[in-house]
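Coordinates in review
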Amino acid sequence: YNFNFYTNSVGWRWATVNNATVKYLDYCTQFGIGKPHSNLRIVANGKSGGGAAPMLRRTLNSITIAKVGQFLTAAKFGIPTSLLWVAVRLVVPDIIIKANASQGTDGVFETTFHELGHASHYKKVGNGYWRKYIDKIIDNSLFHASTAPYGTGRGNNHELVGLGEAWGYHIGYFLTIQEFGNNNGELMLNAFENFDPRERPNNTIIGRYGNTNNIGWSGWIPGGVMYDLMDTNTDLVRTDFRDNASGYSIRNIYDALDSGVESPQEFRDRLLSENGNRNEADVRELFEAYYWD
């Protein structure tokens, strides 16, 4: 059977998230990225919330239902308070993806790639690591609304969030460009390369700037550092710091996201050690440019 789902159909968001998930698994094979668990439970949320990868089907026993309920409320996932217990206990989502027609196909794909990137990371690092990660995001969502969900780059486990979200944004935008080329409404390649790092603590979490979201992006999370490791361009990262690092693949980057690696600096050191200290001086200077030296 062939069936067309248009944006006015409730089935559109499910079909689009499904298609993006299939594409993500294909890209994992193409680029040598570890695939997430095969039995993920994915919620395609048509409300106003964002995306999340709490991996609740596997971590629920180590995170209280009350805390998860507060997180879902703070993140505006559109679940009535009276149904939170039911949603958490019966739905038990691993991945929650905002998927509505206002985002367009490319926007839903980017969110799906981002969250599935977290799921690939989770499969490597396990529950203990993920609980620290999710707890930090939940606390930020509950107690620091103005900088939710990532915070300002200070406090316990902020390094973990910085590394995890750097990977999530990198894989999300990288695969979106692979899928749609520069014909996408998320971030063109030239804007992907144009990251303006901010020193911690800073209220600029991750943000795109420019009238069409295609000029650049910025934040204290080192969202651009992974592409700078991959590209061959020498560009100005910030005053007196240029990106001279190159020679790393997205597989090298994923391989270094191990369970004992809980900060961008530890990621840098693992990446170097696993790749014969390739281009070490330039790699270390690049992380200094991002204020993660």
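Model, not experiment: these values are computed from the prediction. (Residues numbered from 1 in each chain as written. Predicted model: local features only at pLDDT ≥ 70, side-chain atom pairs only at ≥ 80, totals over all residues. Heavy atoms only, no water.)

This part is about helix H5 (residues 104-143). In this model H5 runs just 32 Å from its N-terminal to its C-terminal C-alpha over 40 residues, more than 12% under the 58 Å that 1.5 Å per residue would give. Where H5 bends most, at Gly126, the angle is about 120 degrees. Most of H5 is tucked away: 28 of the 40 residues are buried. (Helix = DSSP H or I, 4+ residues; strand = E, 2+ residues; numbered from the N terminus. Expected span 1.5 Å × (residues − 1). Bend = angle between axes of the 7 residues up to and from the residue. Buried < 20%, exposed > 50% of the residue type's maximum accessible area, 1.4 Å probe, protein only.)

A word on the sheet that holds strand S4 (residues 207-209). Taken in spatial order, the three strands of this open sheet run S3-S5-S4, and their pairing is mixed. Looking at strand neighbours, the two that pair on one side only are strand S3 (195-197) and S4, the edges of this open sheet. Going across the sheet, the axis of each strand differs from the next one's by a mean of 25 degrees, ignoring polarity. Looking at chain direction, S3 and strand S5 (residues 216-219) are connected through three bridges and run parallel. Of the residues in S5, the one forming a bridge with Phe195 is Trp217. (Pairing = 2+ DSSP bridges. Axes fitted to C-alpha atoms, helices over the stretch in contact; angles between N-to-C directions.)

The next point concerns unusual backbone geometry. Going from Arg200 to Pro201, the amide bond is cis rather than trans, its omega being -10 degrees. Considering the arrangement of structural elements, one finds Pro201 in the loop between S3 and S4. Despite not being glycine, Asp240 shows a phi value in the positive range, around 75 degrees. Tracing the sequence through the fold places Asp240 in the loop between strand S6 (236-238) and strand S7 (241-242). Within the chain, Asn277 stands out as a residue other than glycine whose phi angle is a positive 55 degrees.

Tallied over the entire structure, the rule returns twelve salt bridges. With a closest N to O distance of 3.8 Å, Arg251 and Asp255 form a salt bridge. Here the residue Arg251 and the residue Asp255 both occupy positions in helix H9 (residues 250-255), the gap between them amounting to four residues, near one helical turn. A salt bridge links Arg270 to Asp258, with the shortest nitrogen-to-oxygen separation between them at 2.8 Å. Separated by twelve residues along the polypeptide, Arg270 in helix H10 (residues 264-274) and Asp258 in the loop between H9 and H10 bring together distant segments of the chain. What makes Arg270 partly exposed here is its relative accessible area of 28%. Since its relative accessible area comes to 16%, Asp258 is described here as buried. Through salt bridges with shared partners, one network takes in Arg268, Asp269, Glu280 and Arg284. (Salt bridge = Lys/Arg side-chain N within 4 Å of Asp/Glu carboxyl O.)

For the rest of this paragraph, the subject is the packing of helix H1 (residues 11-31) against helix H6 (residues 158-180). Look at H1 against H6: their axes get within 11 Å of each other, and the N-to-C directions meet at 95 degrees. The orientation of H1 with respect to H6, classified from their angle, is roughly perpendicular. The segment H1 lies against H6, with Lys23, Tyr24, Tyr27 and Phe31 engaging Ile171, Phe174, Leu175, Gln178 and Glu179. When its residues are assigned to classes, the contact of H1 with H6 shows six nonpolar, one polar and two charged. (Parallel < 35°, antiparallel > 145°, perpendicular 65-115°, else oblique. Contact = heavy atoms within 4.5 Å. Nonpolar A, V, L, I, M, F, W, Y, C, P; charged D, E, K, R; others polar.)

This part covers the pairing of S5. One face of the sheet, then the other: side chains in a regular strand alternate in exactly this way. Because side chains alternate across S5, one face comprises the buried residues Gly216 and Ser218, and the other comprises Trp217 and Gly219, equally buried. If you look at the hairpin formed by S4 and S5, you'll find six residues sitting between the two strands, and Gly210 has a positive phi there, around 120 degrees.

The terminal C-alpha atoms of H1 lie 30 Å apart, and with 21 residues this matches the ideal 30 Å at 1.5 Å per residue to within 8%. Summarising the contacts, the buried residues of H1 are in contact with strand S1 (42-45), strand S2 (95-98), H5, H6 and H9. The positive-phi residue at the C-terminal boundary of H1 is Gly32, with phi of around 75 degrees.

Turning our attention to the environment of Gly126. As for its position among the elements, Gly126 is in helix H5. Overall, the relative accessible area of 21% leaves Gly126 in the partly exposed class. Once the C-alpha coordinates of Gly126 and Ser259 are considered, the two residues, 133 residues apart in sequence, prove to be 7.2 Å apart.

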